[in-house]
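What follows is the residue order along each chain.
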Amino acid sequence: MSQATTHAHTAHAAAAPTGPVHTRHGVCNLCEAICGLTFQVQGEGAQARIISVKGNEADPLSRGHICPKAVALKDLHEDPDRLRQPVKRVVEHGPNGPVTRWQTITWDEAFDAVVEGLARVRERHGANAVAVYQGNPNVHNWGNVTHGHLFFSQLKTRARFSATSADQLPHHVVAHWLYGHQLAIPIPDIDHTQYMLVLGGNPLASNGSLMTVPDVRARFKALKARGGKLVVVDPRRTETAAIADEHLAIDPGSDAAWLLGLIHTLFDEDLTQPGTLAPLLDQVGAVREAVAPFSPEATAAVTGIDAATTRRIARELAAAPGALAYGRMGVSTQAHGVVCQWAIQVINLLTGNVDREGGALLTSPALNLIQMKLMGPGHFDAWRSRVRGAPEFGGELPVSVLAEEMLTPGRGQVRALVTAAGNPVLSTPNGGQLERALSQLDFMVSIDFYVNETTRHADVILPPTCFVEHDHYDLVFLHLAVRNVARYSEAIVERSPGALHDWEIYSELATRYARRVWALERGGLKARLTGMLTRGLMKRLPPHRLLAIGLNRAGGKQRGLTLARLRAHPEGIDLGPLKPSLGQALTARNKRINLLPAGIRRELPQLVAPFTDAPSHTSGQPPLKLIGRRDVRSNNSWMHNSERLVSGKPRCTLWMHPDDAQRHAVADGQTVTLASRTGRVRVPVQVTADIRAGVVSLPHGWGHDRAGVQMQVAQAHAGVSINDLTDDRLTDRISANAAFSAVPVWIEAA
Ligand SMILES: Nc1nc2c(c(=O)[nH]1)N[C@H]1C(S)=C(S)[C@@H](COP(=O)(O)OP(=O)(O)OC[C@H]3O[C@@H](n4cnc5c(=O)[nH]c(N)nc54)[C@H](O)[C@@H]3O)O[C@H]1N2
Ligand SMILES: Nc1nc2c(c(=O)[nH]1)N[C@H]1C(S)=C(S)[C@@H](COP(=O)(O)OP(=O)(O)OC[C@H]3O[C@@H](n4cnc5c(=O)[nH]c(N)nc54)[C@H](O)[C@@H]3O)O[C@H]1N2
Ligand code: SF4
Ligand SMILES: [Mo]
């Protein structure tokens, strides 16, 4: 089908601003660092323009740090491609075949169309035929956190998916198993540690993840200045590896073997010293037995790291007064993601570094979702996906199964989709297959402000305001920050007339949808009336009112943490460094830590042969192993429409080691066809010794040249999508999280 775009919208920026200049304090929500910002805004009302964005020196967490993306918040605000009114997709049949056009509609029409579209599919095919995919910005935009569930819970579907399972699901599974809550993830005390072992994370480019750590470069510098050591384990010599004391270029996908080798050494050399948590640990002896086969000597051939080095690292970790292992994306999105994250916790526990200053600790945010029971502890494998039998976690299925649930006929086949702040075509494995599945749906709605690779398949797009147009209190990332702070920011500029915030869209959808499906619902009248009252009430409670209520419930008055005080301190209120609290919390709940959860106990014996037998290369050259990478000027798939973030040399290149380039007769800059089981892309090669031989790397979030995308700058810098090569069948063996690391690929043609 040819797609022409007749949708036009008024360019927003154009006119030069006039009038007085105001200074306003806010934050950046693009990544987990949540840097404090100072904006200069000129003009009034909806005409106001942002004229500068700077780091806020007074911010107790970010201390003035920003990265180039902060200024792009202004570009997003002014972007003429950003949708400002709801649109519906209209297909017209012209002389050259069907033509797609986006027609602007009123909010009223849009809500009605969405509610009708979803309700019809549910009536015909049941509630599970309507799927939901929630993307990453849902956790970066607090209105989604406070009000999203009102709508999503109404759908009563088990077909719920999110970016979590393309990212950090293994962390949640392990936190749930070991510490009793999916969000109980100990955070590196980077400002006080003497030894930090980083695996599969590149905070210098990502600005940290499951570790809100603005200004990470300065913090690493301070770590080294006080005599501490930074070790990076990554198949690439990353920006972080470049400033580390030591870099170990591990073979991708083998980290679990290496980490088991570290645990083995801790026992073997009598280095365990669990400290204050020791009385709470169960199954320590069972762990010792389970890791017995994985000596550094037995696993060295698989990991590419020699046994002497592994043993030395174990000794260093055990000896440092405050040390920690930290693993992120690279060791989460792989076939052994859960084993990796479990092993990292076990190392920190056995060396006494969990819940200890200079180790990894739980945070104490002003609004603690765990303590206040505003978020459930999580549950694993309570049901499984229809086609593959993949386990749910916390009510969500892994996104790797989304496309097959749409493409496989039968009862419960997914026929409608809601995407909310997500771009799964570019961000989930085998995006090409998902794309084919989306084009066959009966109905699709996207809550998003761009017509992008995913939303172009929607029947209706509901565009919310952008970040600078609404207030913010970070309900999620303040739980993950390396220092406790509380910080509320007002909107920086007024929203344009008629625009709705995400939370208002969810409130409205929730009420209208509930009314529409009232007749379909079973269950007691009382529960249903309570639901109706809650929705009615929540509609009148904006996020900031809920914040005020929440702070009050958390004893804010006594602690001087009221909304009024937060408003008076837009730079944030410092609540001090991380302090031990896990031990007390577990004791109070009468909980213990089972160091060898059943899922791990079952898994380890199955890893003995693959991890301890040296790989054999009898059948010619093995395929190359594909991994990803991030760049400080990208933000997943959706900030490439900012000219300042995409200018300069193209960044979507395939990194290849000189030995591999020679073997494939490929020159630097040459374009090759790279193929995998799922697809192929044409991409220029960048020859560099900064990657391990046998491994190639592509960044994710590119591939904007699909027909019908309406992001002009991004289209001009399209790149290719790594997820046209990644594989929905390659998943973490326990959680079924996507395994993006070590995808087998080969060069088809130079
Ligand atoms: N600039 C920028 N910042 C971002 C984002 C962005 O897109 N751009 N995205 C944000 C999001 S959503 C997240 S989740 C975080 C992620 O934050 P990080 O986890 O720090 O993510 P990456 O920078 O991708 O680092 C992953 C590293 O793992 C390495 N790696 C790949 N495979 C393996 C393996 O098998 N073993 C080991 N040991 N390493 C491996 C890669 O080479 C890479 O350096 O970043 C956030 N911040
Ligand atoms: N191969 C490979 N794949 C990856 C990764 C990788 O490292 N390698 N990283 C993975 C990771 S860590 C993540 S988190 C996922 C991200 O996966 P997704 O969340 O699916 O993708 P994003 O690129 O973050 O897309 C965000 C979408 O939300 C919209 N948006 C932005 N802000 C708002 C808002 O405030 N409200 C609404 N309603 N919409 C908004 C944007 O326009 C965009 O369409 O990708 C994953 N995919
Ligand atoms: S590091 Fe950059 S993108 Fe991340 S919050 Fe800070 S300014 Fe925003
Ligand atoms: Mo992520």
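Everything below is about the structure printed above this text.
Nothing here was measured: the structure is a model prediction, and the numbers come from that model.

### Section: the sheet that holds strand E9 (residues 195–199)
Read across the open sheet, the four strands follow the order E11-E10-E9-E13; overall the sheet is parallel. The sheet is open, and its two edges are formed by strand E11 (246–248) and strand E13 (323–327), each paired on a single side. Put simply, the sheet's adjacent strands are angled 15 degrees from each other on average, direction ignored. In this structure, E9 lies alongside strand E10 (residues 229–233), joined through five bridges in parallel fashion. Directly across from leucine 199, in E10, lies its bridge partner valine 233.

### Considerations on the sheet that holds strand E3 (residues 49–55)
Taken in spatial order, the three strands of this open sheet run E1-E2-E3, and their pairing is antiparallel. Strands at the two margins of the open sheet, each flanked by one partner only, are strand E1 (21–27) and E3. Each adjacent strand pair in this sheet contributes to an overall mean axis angle of 25 degrees, direction not counted. The pairing of E1 with strand E2 (residues 36–42) spans seven bridges and is antiparallel. Within E2, the residue paired with valine 27 across the bridge is glycine 36.

### Concerning empty space enclosed by the protein
In total, this model carries six cavities of 30 Å³ or more according to the counting rule given. Lining the largest cavity are 16 residues, and of these His171, Ile185, Pro186, Gln341 and Gln345 lie nearest its centre. Elements that contribute at least two residues to the lining of the largest cavity include exactly helix H4 (169–179), E13 and helix H13 (337–350). Residue composition of the lining of the largest cavity, grouped by class: eleven nonpolar, five polar and no charged. Its volume calculated, the second largest cavity comes out at about 80 Å³. For the second largest cavity, the full set of lining residues is Cys28, Leu30, Cys31, Ala33, Ile34, Cys35, Ile66, Cys67, Lys69, Ala70 and Asn207. For the lining of the second largest cavity, a count of residues per class yields nine nonpolar, one polar and one charged.

Each value, and the rule that gives it
- Residues numbered from 1 in each chain as written.
- Chains lettered and ligands numbered in written order.
- Predicted model: local features only at pLDDT ≥ 70, side-chain atom pairs only at ≥ 80, totals over all residues.
- Heavy atoms only, no water.
- Pairing = 2+ DSSP bridges.
- Helix = DSSP H or I, 4+ residues; strand = E, 2+ residues; numbered from the N terminus.
- Axes fitted to C-alpha atoms, helices over the stretch in contact; angles between N-to-C directions.
- 1 Å grid on protein atoms, 1.4 Å probe; cavity = no way out; pocket = protein on both sides within 12 Å on 5 of 7 lines; lining within 4 Å.
- Points joined across faces, edges and corners; volume = space filled by probe spheres on them.
- Nonpolar A, V, L, I, M, F, W, Y, C, P; charged D, E, K, R; others polar.

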